[in-house]
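Analysis of the macromolecular model
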Amino acid sequence: MPFENIPNSSGLHGCSEHSQTPINLPTPRRENSMDDASAARPKRRVATTLAHAGRDPTAYHGFINPPVVHASTVLFPDVQATRTRTQKYTYGINGTPTTDALASIMNELEGAEHTALVSSGLAACTIAFASALKAGDRALVTDNVYMPTRRFSNGFLSRFGVEIVYFDPLDHAAYETELEKGAAAVFLEAPGSLTFEMCDIPYLAARAKAAGAVTMMDNTWATPLFFRPLEHGVDLSIHAATKYLSGHSDLLFGTISGRGEAIANVRNTVQEFGENVGPDDVYSVMRGIRTLQPRMAQFQHNTRKVAEWLSADARVGKVLYPALPGAPGHALWKRDFEGATSLFAVTFKGRTEAEIMKMVDSLTLFGIGASWGGFESLATMPVVNATRSATRWPDDEPLVRINIGLEDPADLIADLDQAMAHL
Ligand SMILES: Cc1ncc(COP(=O)(O)O)c(C=O)c1O
């Protein structure tokens, strides 16, 4: 299953099926913008956005970066001003120049009016849900959703009277049937972060919208560089900024970007929960984002090399990487996404789980860990069916999930080769 016609450049659009032209981002809608700094941005290409968005050196004595404002209390000139609340900043939890700077970068990347910053990727998923649902509602959740998002749905949401229905994102007929029964929210994730199936996001979002549901998508895998959900009809785009956006495996952070009523409800819910982010983490995410494009280009280059090598090995069963021609979901990925990131899974032909486990334990450059999106390579063996209810992964196909880091791919391949000798 080799890659077809993929040039060896490490360009952002390293997969030749996608054009080499830079990504043109939409101009955020000025009239409704809630994060001031992004309100009047001219259209500019993504690399320029990453370097310039969220910065205003003239406002900060020429310093390139916005200040890291540590704040709870904000002073007002008089008592009347505390009542009218026309002052831009009122209290730490309501926003600071630091949070505004990061929110404006995310707005421009996602084509959003506002971006809520929250304490983890999981909090971004749970707050998005909480913002759109009330007792008695039904929510449709993709069956390949990140496991803790499922736990929140089964636990908190169910306890508060929301009916949760898991659906197979590839079974459109079943999805339509569930929508007809009523849905206030639809939660999507593509590709699934264990088995990497792609789904038809524009179709699923359009059907949900027609049914009156708010759609939300965990967009962590693609980053806004490779997929922008709001352009495809999704209402809320969610990121675990813990992964690629911050990029250094040293913090937890979440973002929710959107427009109109959907994001206004998120904003209210963030305040109602008292959700807050520390200024140093906000700054670290912003620092990570400045180098997002070269990191993603290198991830795509390295991952392509490793996936290509694996797919040519006789011991390998499937390489579940949507950018690979012939891989499940490749056609949808090619139609909708502008690149592929560093997380994929691989199965091995006719090997027992114990054999594969031994192989993974023999890796020396890959840490054994469940996260991804940082600079370092990782491998893990998720138990897929423990997190499924509407679909089933074949029991005899244990999979290894691999996150490719910024190491030299030749060294990673050599490490996989020596470990696979244990098979
Ligand atoms: C797809 C996906 N979404 C959300 C999250 C949650 O991110 P965090 O660890 O910041 O809570 C993760 C974490 O692994 C994830 O894989």
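Here we summarise the structure given alongside this text. (Residues numbered from 1 in each chain as written. Predicted model: local features only at pLDDT ≥ 70, side-chain atom pairs only at ≥ 80, totals over all residues. Heavy atoms only, no water.)

Some thoughts on the packing of helix H4 (residues 121–132) against helix H5 (residues 147–159)
- Axis separation between H4 and H5 bottoms out at 10 Å; the angle between their running directions is 40°. It follows that H4 is oblique to H5 by the angle criterion. Note on packing geometry: the crossing formed by H4 with H5 is right-handed. Of the residues in H5, those in contact with Leu122, Cys125, Thr126 and Phe129 of H4 are Pro148, Thr149, Phe152, Ser153 and Leu157.
- Split into classes, the residues belonging to the contact of H4 with H5 amount to 6 nonpolar, 3 polar and no charged. (Axes fitted to C-alpha atoms, helices over the stretch in contact; angles between N-to-C directions. Helix = DSSP H or I, 4+ residues; strand = E, 2+ residues; numbered from the N terminus. Parallel < 35°, antiparallel > 145°, perpendicular 65-115°, else oblique. Left-handed = near helix turned anticlockwise from the far one by under 90°. Contact = heavy atoms within 4.5 Å. Nonpolar A, V, L, I, M, F, W, Y, C, P; charged D, E, K, R; others polar.)

Things to note about the packing of H4 against helix H9 (residues 260–273)
- Where H4 contacts H9, the two axes come as close as 8 Å, and the packing angle between them is 110°. Taken together, the axes of H4 and H9 lie roughly perpendicular to each other. Residues Ile127, Ala130 and Ser131 of H4 pack against Asn265, Val266, Thr269, Val270 and Phe273 of H9.
- Looking at the contact of H4 with H9 residue by residue, the class counts come to 5 nonpolar, 3 polar and no charged.

Some thoughts on the packing of aromatic side chains
- For the coordinates displayed, the defined rule picks out 10 aromatic pairs.
- Pairing Trp221 with Phe337 gives two aromatic rings, centres 6.2 Å apart and planes at 55°, and the pair type is tilted. Linking Trp221 in the loop between strand S5 (214–218) and helix H8 (223–226) with Phe337 in the loop between helix H12 (330–336) and strand S9 (343–348), this pair joins segments that are 116 residues apart in sequence.
- Three or more aromatic residues link up through ring pairs in this structure, and these residues are Phe129, Phe152, Phe156, Phe160 and Phe187.
- Above the ring of Tyr166, the side-chain terminus of Arg150 is found at 3.9 Å from the ring centroid. (Phe/Tyr/Trp six-rings, centres within 6.5 Å; stacked < 30°, edge-to-face > 60°. Lys NZ or Arg CZ within 6 Å of the ring centre and 35° of its normal.)

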